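Tertiary structure, described
Below are the chains, spelled out letter by letter.
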Amino acid sequence: MYIEKLHPKIGAKIEGIDLANLDNAQFDKIKKLWLEHLILLFPNQSISDEEHIKFGKLFGKLEKHPSLSHRSSTNPEIYRVSNVSEKGDIIPSKNTSWQYLKQSWLWHTDSSFRQIPSKGSILHGISTTRKGGHTFFANMYETYNDLSDNIKERINDLWVIHDHDYIINLSSELKSKKNKGSYEQLPSVKHPLVQIHPVTRKKSLFLSPHTMENIDNFDKKEGRKLLDELIEHSIQTKYVYKHLWNDDDIIMWDNRCTMHSVEPFDNSSIKRIMHRVTLVGENKPIPAL
Ligand code: OGA
Ligand code: MN
């Protein structure tokens, strides 16, 4: 196994292994490296969806995404992050299913709308582009660590309301539509703004701007201002790795201490196909206080 850092604060590239044929020692090493580096890049992994699912299941159960139209028709654990239909056609920009997916261009953490958010995601770049379509990953341990003691004290015991519908309502196109797509209904949930990682026990900022409605028990305007300041602080390049994709790159990230976003690309002419499996979380986020 060859290991190389991707960014001073986050990420490592792992070469010399085949994710479809891992031995126990390699799997144990990957688990350790994942906790240490937060995101792992595995280049040149030409694996099938079934092998992708099998790799994901080594880490535990897999989620099925609440957006029904984005699940693969052959493997419901595969979430199709793509502007291309299963038949291979580009999905028109005005289509509801594209407008929902476009929300992944915004900064977010996967499944922050669940009572128990996902612990990690594994994304396979099947048809990638370098004309936009880069993915950004922020180290949320570091963004928390660097806050002043004053701010830490102010936010350590705050809770944030997250809602899946917020993703839909953030989209001006979807908001005005009668048919917004078909989703499993999910009630809004409350998560700590500062969480403790269940394995490393380190604190991190838990932000997911596309589901964060506001801070619980807080003045609406003040809450919004505070969240926006924390987001701005967290997306500085010193905390963020920018990934330029090659086909058959696989990236896995830890949703308990990172957030990510996608650089927009021309979705009306470029075909970008990514398949994701999503690891079910094991516990509710642990509050810092
Ligand atoms: C995701 C996502 C990233 C990408 O798969 O969770 O937000 O690069 N997409 O498309
Ligand atoms: Mn995502």
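These numbers come from a predicted model, not from an experiment.

Scoring rules and cut-offs
Residues numbered from 1 in each chain as written. Chains lettered and ligands numbered in written order. Predicted model: local features only at pLDDT ≥ 70, side-chain atom pairs only at ≥ 80, totals over all residues. Heavy atoms only, no water. Helix = DSSP H or I, 4+ residues; strand = E, 2+ residues; numbered from the N terminus. Rg over C-alpha atoms; globule rule 2.2 N^0.38 Å. Buried < 20%, exposed > 50% of the residue type's maximum accessible area, 1.4 Å probe, protein only. Contact = heavy atoms within 4.5 Å. Donors = N, O, S within 2.8 Å, 3.2 Å for Na, K, Ca; no water. pLDDT = per-residue confidence, 0-100. Near = heavy atom within 4 Å. Polar contact = N/O pair within 3.5 Å; in protein donor to acceptor, adjacent residues only side chain to side chain. Areas by Shrake-Rupley, 256 points an atom, 1.4 Å probe, with all protein chains shown as cover. 1 Å grid on protein atoms, 1.4 Å probe; cavity = no way out; pocket = protein on both sides within 12 Å on 5 of 7 lines; lining within 4 Å. Sits in = over half its atoms within 2 Å of the grid points. Phe/Tyr/Trp six-rings, centres within 6.5 Å; stacked < 30°, edge-to-face > 60°. Pairing = 2+ DSSP bridges. Axes fitted to C-alpha atoms, helices over the stretch in contact; angles between N-to-C directions.

A word on the overall build of the protein
- Across its full length, the protein carries 8 helices and 16 strands.
- Taking 2.2 N^0.38 as the reference for a compact globule, 289 residues should give roughly 19 Å; the C-alpha atoms of the protein span a radius of gyration of 18 Å, in line with that estimate.
- Summarising its shape, the C-alpha atoms of the protein cover approximately 50 × 50 × 30 Å along the three principal directions.
- Scored against the burial criterion, the 289 residues of the protein give a buried share of 55%.
- Of the contacts made within the protein by residues no fewer than 6 positions apart, 81% connect residues no fewer than 24 positions apart.

Details of the coordination of the manganese ion (ligand 2)
- Donor atoms from the polypeptide that coordinate the manganese ion (ligand 2) comprise His108 (NE2), Asp110 (OD) and His260 (NE2), at 2.1 to 2.2 Å from the metal.
- Expressed as a motif, the donor residue spacing for the manganese ion (ligand 2) is H-x1-D-x149-H. The pair formed by His108 and Asp110 is uniform in burial state, with each residue classed as buried.

Regarding the confidence of the model for the protein
- For the protein, mean pLDDT is 97; residues scoring 70 or higher make up 100% of the total.
- Averaged pLDDT values over the elements of the protein bottom out at 90 in helix H7 (residues 172–175) and peak at 99 in strand S3 (residues 39–42).

Here's the deal with the site of ligand 1
- Around ligand 1, the surrounding shell consists of Val81, Ser104, His108, Asp110, Leu123, Thr135, Trp253, His260, Val262, Arg272 and Arg276.
- Measuring from an oxygen atom of ligand 1, one finds a side-chain N or O atom of Asp110 at 3.0 Å.
- His260 is positioned with one of its side-chain polar atoms (N or O) 3.1 Å from an oxygen atom of ligand 1.
- For ligand 1, whose unbound accessible area comes to 290 Å², protein coverage reaches 99%.
- More than half of the atoms of ligand 1 fall within 2 Å of the grid points belonging to the largest cavity.

Section: the environment of Gln185
- With respect to the helices and strands, Gln185 occurs in the loop between H7 and strand S8 (189–192).
- The spacing of Gln185 and Pro264 is 79 residues in sequence and 28 Å in space, taken between C-alpha atoms.

A short note on the packing of aromatic side chains
- Evaluated as defined, the whole model comprises 10 aromatic pairs.
- Consider the rings of Phe42 and Phe55, whose centres lie 6.1 Å apart with planes at 85°: the pair is edge-to-face. Here Phe42 is found in strand S3, whereas its partner Phe55 is found in helix H2 (residues 49–57), with 13 residues between them in sequence.
- On the basis of relative accessible area, Phe42 is assigned to the buried category, the value being 0%.
- Among the residues examined, Phe55 registers a relative accessible area of 1% and is labelled buried.
- Their ring planes at 50° and their centres at 5.2 Å tell us that Phe137 and Trp253 sit as a pair that is tilted. Residue Phe137 is located in strand S6 (residues 135–139), and its partner Trp253 is located in strand S13 (residues 250–254); the two are separated by 116 residues in the primary sequence.

Some remarks on unusual backbone geometry
- Backbone geometry places Arg201, a non-glycine residue, at a positive phi of 65°.
- Tracing the backbone through its elements, the reader meets Arg201 in the loop between strand S9 (194–196) and strand S10 (203–205).
- The backbone of Asn217 shows a phi angle near 55°, a positive value even though the residue is not glycine.
- Examined against the element boundaries, Asn217 turns out to sit in the loop between strand S11 (212–215) and helix H8 (220–234).
- The exposure class of Asn217 is exposed, given its relative accessible area of 76%.

Looking at the sheet that holds S11
- Ordered in space as S8-S7-S11, the 3 strands form an open sheet in which the pairing is antiparallel. With partners counted over all chains shown, the strands left at the sheet margins are S8 and S11, one partner each. Across this sheet, the average inter-strand angle for adjacent strands is 35°, counted without regard to direction.
- As paired strands, strand S7 (residues 159–162) and S8 are joined by 4 bridges and run antiparallel to one another. Residue Ile161 lies in a different strand from S8, and its bridge partner there is Lys190.
- The strands touched by H8 within the sheet are S7 and S11, with S11 carrying the most contacts at an inclination of about 115°.

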